[in-house]
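Structural features, examined
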Amino acid sequence: MLSALALPTLLPRPSAISVAEYRQRRDALMGQLPTNSVVVLPGAGLMTRSRDSDFAFRQNSDFYYLTGIKEPDALLVLLPGRAEGESVVFCLDRDPTMEAWTGRRLGAAGVVVEHGIDQAFENTERDERLSELLAGRELLYLPLHSAEAVGIAEDALHVAQAGLRHGRPPLKGWLDISPLIHEMRLFKSDAEIALLRHAAAISAGAHRRAMHVSRPGLSEFQLQAELEHEFVWQGASGPAYSTIVGSGANACVLHYIENSAPLCKDGLVLIDAGAEFELYAGDITRTFPVAGRFSDAQRALYQVVLKAQERAVDAIKPGATLADIHQGVVRDLTAGLIELGLLEGDVQARIDDDSYRRFYLHSTSHWLGLDVHDVGTYRLDEKTPRPLVPGMVLTVEPGLYIPCDDDIPDTYHGIGIRIEDNVVVTHGGHEVLTADVPKQIAEIETLMAKK
Ligand code: GLY
Ligand code: MN
Ligand code: MN
């Protein structure tokens, strides 16, 4: 007889970001621009996956940050000082036949009512209306890396040139809008932090589930399935980036996403996986023994990474810099490698000659937000790392990856360990969003023993 399946509890959902907050962001961006400028920012389009099938749609993060609109093929135009409305969106046309195939579209009226945009038009009107909107604007701000946006700018230039005959001011040039938006995105609002906290909570539950299920005889893809099942079960759109499940020496391949090998029965497995919820990313790494018990060599190396990771998290507070935090991690990892006999000599000497980089070749942190490697600069200028400020969200993810080389004792061969948490900078220091997944050896072994 079938027994009732115990379903996981659905985590309480945070509120969506309000229409008022999106408006404040557009106003704050326009407040930084000279008068008589215009912003043109295309949203994402659909991308073909194979033949006539598309990838699931994912909105462009900058466009989403300023509008909250999740439909493809939209365009945002910001016109500071325009009496009829400063924010204009072009969107997909209402079309009963297309909507029968692919779902409801907002249409121009929906964009205005549901997203608080001042004025909206459907894409059939775009060419004509856009020329009217751009004519007479002197500075055009757009994402310069976007071929679509640049194409729009070139068309605008032609229109502006025609307008010169009618006495309109000439278009003086175009500039990159991205740095201004990215600087804003670096500082998360309370509503954004609530979404990141939720993405982190879903991701944490998925990692606990993978630890619980892990055992010899399974393959990497089966742990991937456990993680991604939990993401979607909890209402996430799926993974925020390709899930990494690397068992044994696969853990030493930093971007290993094949996830095709059987789990090594005596080995560790490194899982780097995070859910995307309302476009905000979780990004957690945990490393644990497939069979639930660390060997002495695994334990020794794990403790080195764990100590470095905990000290790095503890160092996060306003005014600290990621450069300093990384230097602290490098020092702790190098000292640990010397203690274990994997490097020789003096800590500073091994840092100075870069020999630690044989085992640790990535940086310790990146910003986290709408993109997993979120936008925002890491330096104020070439020489000055930027101090942390409340509202910034980052990862802390030191690791050690030991090659299978002859000069290294066999017992360490192919061990790859990374421990990654997501951290918000607060006024008093920091909040770890991902504390709900065990990382102490005793906690991991206890969780895994409960089969
Ligand atoms: N998952 C990508 C990273 O940790 O940076
Ligand atoms: Mn990361
Ligand atoms: Mn990661």
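Look up a bit, the structure's there.
Report on the accompanying structure. Fair warning: this is a prediction, and the values are worked out from it, not measured in the lab.

Criteria and cut-off values
Residues numbered from 1 in each chain as written. Chains lettered and ligands numbered in written order. Predicted model: local features only at pLDDT ≥ 70, side-chain atom pairs only at ≥ 80, totals over all residues. Heavy atoms only, no water. Helix = DSSP H or I, 4+ residues; strand = E, 2+ residues; numbered from the N terminus. Contact = heavy atoms within 4.5 Å. Donors = N, O, S within 2.8 Å, 3.2 Å for Na, K, Ca; no water. Tetrahedral: all angles 85-135°; square planar, octahedral: opposite > 155°, others 65-115°. Buried < 20%, exposed > 50% of the residue type's maximum accessible area, 1.4 Å probe, protein only. Axes fitted to C-alpha atoms, helices over the stretch in contact; angles between N-to-C directions. Left-handed = near helix turned anticlockwise from the far one by under 90°. Nonpolar A, V, L, I, M, F, W, Y, C, P; charged D, E, K, R; others polar. Near = heavy atom within 4 Å. Polar contact = N/O pair within 3.5 Å; in protein donor to acceptor, adjacent residues only side chain to side chain. Areas by Shrake-Rupley, 256 points an atom, 1.4 Å probe, with all protein chains shown as cover. Pairing = 2+ DSSP bridges. Parallel < 35°, antiparallel > 145°, perpendicular 65-115°, else oblique. Core = buried A, V, L, I, M, F, W, Y, C linked by side-chain atoms within 4.5 Å.

1. Notes on the environment of Gly-116
Relative to the assigned elements, Gly-116 resides in the loop between helix H4 (107-115) and strand E6 (119-122). Each C-alpha atom of the pair Gly-116 and Ser-18 lies 9.7 Å from the other, and the pair is 98 residues apart in sequence. When sequence neighbours within four positions are dropped, the list of residues in contact with Gly-116 reads Val-19, Arg-23, Arg-26 and Val-111.

2. Notes on the coordination of the manganese ion (ligand 3)
Here the manganese ion (ligand 3) is held by the protein donor atoms Asp-272 (OD), Asp-272 (OD), Asp-283 (OD) and Glu-420 (OE), which lie 2.0 to 2.4 Å from it. Of note is the manganese ion (ligand 3), whose six donor atoms meet at the metal with angles of 57 to 169 degrees in an arrangement that counts as irregular. Taken in chain order, the donor set of the manganese ion (ligand 3) reads D-x10-D-x136-E. In this model, the manganese ion (ligand 3) sits 3.2 Å from the manganese ion (ligand 2), the two metals being bridged by Asp-283. Highlighted residues: Asp-283 in the loop between strand E13 (280-281) and strand E14 (284-289) and Glu-420 in the loop between strand E19 (416-418) and strand E20 (421-426), separated in sequence by 137 residues. A relative accessible area of 0% places Glu-420 in the buried class.

3. Things to note about the packing of helix H8 (residues 190-213) against helix H9 (residues 220-233)
Running from N to C, H8 and H9 cross one another at 145 degrees; their axes reach a closest spacing of 8 Å. Crossing angle aside, the handedness with which H8 passes H9 is right-handed. Taken together, the residues of H9 that come into contact with H8 (itself represented by Ile-202, Ser-203, Gly-205, Ala-206, His-207, Arg-209, Ala-210 and Val-213) are Leu-223, Glu-226, Leu-227, His-229, Glu-230 and Phe-231. Each residue belonging to the contact of H8 with H9 can be placed in one class, and the counts come to seven nonpolar, four polar and three charged.

4. As for the site of ligand 1
In the neighbourhood of ligand 1, the contacting residues comprise Tyr-241, Asp-272, Asp-283, His-366, His-373, Glu-397 and Glu-420. Interatomic distance of 3.1 Å between a side-chain N/O atom of Asp-272 and a nitrogen atom of ligand 1. One nitrogen or oxygen atom from the side chain of Asp-283 is found 3.1 Å from a nitrogen atom belonging to ligand 1. In the complex, the protein chains occlude 90% of the 200 Å² of accessible area that ligand 1 would expose alone.

5. Looking at the pairing of strand E21 (residues 429-432)
Side chains on a regular strand alternate between the two faces of the sheet. Where E20 and E21 come together, four bridges link them in antiparallel fashion. The residue of E21 that forms the bridge with Thr-426 is Gly-429.

6. Some details on the packing of helix H10 (residues 296-314) against helix H11 (residues 322-339)
Viewed as axis vectors pointing N to C, H10 and H11 meet at an angle of 160 degrees, and their least axial separation amounts to 9 Å. It follows that H10 is roughly antiparallel to H11 by the angle criterion. Classified by chirality, the crossing of H11 by H10 is right-handed. Taken together, the residues of H11 that come into contact with H10 (itself represented by Val-304, Val-305, Lys-307, Ala-308, Arg-311 and Ala-312) are Ile-325, Val-329, Asp-332, Leu-333 and Gly-336. Here the residues of the contact of H10 with H11 are counted per class, giving seven nonpolar, one polar and three charged.

7. Points about the coordination of the manganese ion (ligand 2)
Protein coordination at the manganese ion (ligand 2): the donors are Asp-283 (OD), His-366 (NE2), Glu-397 (OE) and Glu-420 (OE), at 2.0 to 2.2 Å from the metal. In primary sequence terms, the donor set of the manganese ion (ligand 2) follows D-x82-H-x30-E-x22-E. The buried category is assigned to His-366, whose relative accessible area is 9%.

8. What about the nonpolar core?
Nonpolar side chains in soluble globular proteins tend to end up buried together. Ranked by internal contacts, the top residues of the largest apolar core, which has 110 residues, are Ile-271, Leu-388 and Leu-400. Not counting residues up to four positions away in its chain, the partners in contact with Leu-388 are Ile-316, Lys-317, Pro-318, Gly-319, Ala-320, Leu-322, Ile-325, Trp-367, Leu-394 and Val-425. Listed in part, the 18 residues of the second largest apolar core include Val-40, Leu-130, Ala-149 and Ala-156.

9. Considering unusual backbone geometry
The backbone of Asp-73 sits at a positive phi, close to 60 degrees, despite the residue not being glycine. In this structure, Asp-73 sits in the loop between helix H2 (61-67) and strand E4 (75-78). On the basis of relative accessible area, Asp-73 is assigned to the partly exposed category, the value being 37%. Not every positive phi belongs to a glycine, and Glu-278 is a case in point at roughly 50 degrees. Its place among the elements puts Glu-278 in the loop between strand E12 (275-277) and E13.

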